[in-house]
Amino acid sequence: MKILMIAVNDPAGTGIAFCRAVNRLGRKNRHTCRLATLETRYTHDWAKDLHVPDLDDSGLAELERLLTTSDVLHFHMTADEHLRLGPFLVADYLAGKAVVHHEHGHHDFRSDPECFRAKYRALGRTNLLVSTPDLLRMMPEARWQPNLVPEQDPLLRPVDRLWSGPLLVAHSPTRKDLKNTDELVSVVEELGRQGLDLRLDLIDNVPNSECLARKQAAHVLFDHMQGYYGVSSLEGLSQGLAVIAGLDAWNRAHVAEFAGVSSEQGELPWVAARDGAELAQRLRELAGDRERCREIGAASRRFVERHWSEAKVAGHLADFWDAL
């Protein structure tokens, strides 16, 4: 089966991660996956495949061939068949193809999910995916497709860390207004005034490779306290960090089901913090017991290897395509 993923911009680099994983691991010799994109945003410098502004004549010819011969058109976020990829209008290539819509929590979707649901109903589109369990509340007819990280990538493996000195907390918000960044900064500053030995590495607008290297050197990763988790969480778990996030009961239950573990505290690797007071307490605990912090990070890595591997998540997506 030939799949062409299409996105305006690749959401958190997940499209290219899926393509690479599927081509290497997911039903090898049964699926091939490519990714066409139109824009780059921020300065994260994720890898690209068919990035339309960079294509020469031979690249455009390859894109047209893929539009013509692919079995599945897999749209990410706000992309649909009305998107123009250079000289090509995707709508001209729909005949005989399965169409997938994959939502990643874009603010347009979160602010008015019913608009998207109504559009898909009107078009008879039923092959719907969401990237995190919280989005199932907004589009319950969809299927949750977890994101993945290539856990064997050197930048996503644990490294030896210096455990003396300040507790190093990393945070890499794409949008600070959605990631509790101000609250984190306030908590860290207050703890510092109280004499706690910790330092915040606020990672903003740098290439993804630099972002991962700086996280890899930390002891703790703060994702956010919005009730769900982001790709940043998965990166930190893979790197063997103590990852703080405020997963609510809904998300914990779905994550546990996919992972094949209990949703009880201790079975999932995240360090729970749902508000500023809990965040301050978790940071005190981690700073005060470095061995416990190290143990939590080791459990994080084991969780990814055993329950959230790249091969497992890519296979989950391949199963979805098989059923189209």
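Residues numbered from 1 in each chain as written. Predicted model: local features only at pLDDT ≥ 70, side-chain atom pairs only at ≥ 80, totals over all residues. Heavy atoms only, no water.

(A) Here's a closer look at the pairing of strand 2 (residues 32–37). Pairing analysis gives 6 bridges linking strand 1 (residues 2–7) to strand 2, with the strands arranged parallel. Its bridge partner lying in strand 2, Leu4 is registered against Arg34. Sheet topology places strand 2 next to strand 3 (residues 50–51); 2 bridges connect them, and they run parallel. Following the sheet pairing, Thr37 is matched in strand 3 by His51. (Pairing = 2+ DSSP bridges. Helix = DSSP H or I, 4+ residues; strand = E, 2+ residues; numbered from the N terminus.)

(B) Quick look at the packing of helix 9 (residues 276–288) against helix 10 (residues 290–307). Packing of helix 9 against helix 10 leaves a shortest axis separation of 5 Å and a crossing angle of 105 degrees. With respect to each other, helix 9 and helix 10 are oriented roughly perpendicular. Seen from helix 9, the contacting residues are Leu286, Ala287 and Gly288; seen from helix 10, they are Arg290, Cys293 and Ile296. Each residue belonging to the contact of helix 9 with helix 10 can be placed in one class, and the counts come to 4 nonpolar, 1 polar and 1 charged. (Axes fitted to C-alpha atoms, helices over the stretch in contact; angles between N-to-C directions. Parallel < 35°, antiparallel > 145°, perpendicular 65-115°, else oblique. Contact = heavy atoms within 4.5 Å. Nonpolar A, V, L, I, M, F, W, Y, C, P; charged D, E, K, R; others polar.)

(C) Region of the structure containing the pairing of strand 10 (residues 167–171). When you tally the buried positions in strand 10, you get 5 out of 5 residues, the bulk of the element. Of the two faces of strand 10, both are covered, the one formed by Leu167, Val169 and His171 as well as the one formed by Leu168 and Ala170. Relative to strand 11 (residues 198–202), strand 10 is paired through 5 bridges, and the arrangement is parallel. Residue pairing in the sheet places Leu167 in a bridge with Leu198 of strand 11. Bridge analysis of strand 10 against strand 12 (residues 220–222) gives 2 bridges, and the strand direction is parallel. Within the sheet, the bridge partner assigned to Ala170 lies in strand 12 and is Leu221. (Buried < 20%, exposed > 50% of the residue type's maximum accessible area, 1.4 Å probe, protein only.)

(D) Structural view of the sheet that holds strand 14 (residues 271–272). Overall, parallel pairing links the 5 strands, which are arranged 11-10-12-13-14 in an open sheet. The two strands at the open ends of the sheet, each matched to only one other strand, are strand 11 and strand 14. Two elements, strand 12 and strand 13 (residues 242–245), share 3 bridges in a ladder whose sense is parallel. When the bridges of strand 13 are listed, Leu221 appears paired with Val243. Lying over the sheet, helix 7 (residues 231–238) contacts strand 12 and strand 13, oriented at roughly 160 degrees with respect to strand 13. Here helix 10 sits on the sheet in contact with strand 10, strand 12, strand 13 and strand 14, set at roughly 85 degrees to strand 13.

(E) Just the side chain of His101, in detail. Among the secondary structure elements, His101 is positioned in strand 7 (residues 98–103). On the basis of relative accessibility, which here comes to 1%, the residue His101 falls in the buried class. Among residues more than four places away in sequence, those in contact with His101 are Phe75, Ala79, Asp80, Tyr120, Arg125, Asn127, Leu128 and Leu129.

(F) A look at the state of the cysteines. Per the counting criterion, the structure on display carries 0 disulfides. Free cysteine: Cys293, not disulfide-bonded; nearest cysteine sulfur from Cys211 at 18 Å. (Disulfide = S-S within 2.5 Å.)

(G) The environment of Gly105, seen in detail. Within the secondary structure layout, Gly105 lies in the loop between strand 7 and helix 3 (107–111). A C-alpha to C-alpha distance of 7.9 Å links Gly105 and Val130, two positions 25 residues apart in sequence. Excluding anything up to four places from it in sequence, Gly105 contacts Arg110 and Leu135.

(H) Looking closely at the packing of helix 1 (residues 14–24) against helix 11 (residues 310–322). At a closest axis distance of 9 Å, the pairing of helix 1 and helix 11 adopts a crossing angle of 90 degrees. Looking at the two axes, helix 1 sits roughly perpendicular to helix 11. Taken together, the residues of helix 11 that come into contact with helix 1 (itself represented by Phe18, Ala21, Val22 and Arg24) are Glu310, Val313, Ala314, Leu317 and Trp321. Its residues assigned to classes, the contact of helix 1 with helix 11 shows 7 nonpolar, no polar and 2 charged.

These figures capture arrangement, not role.
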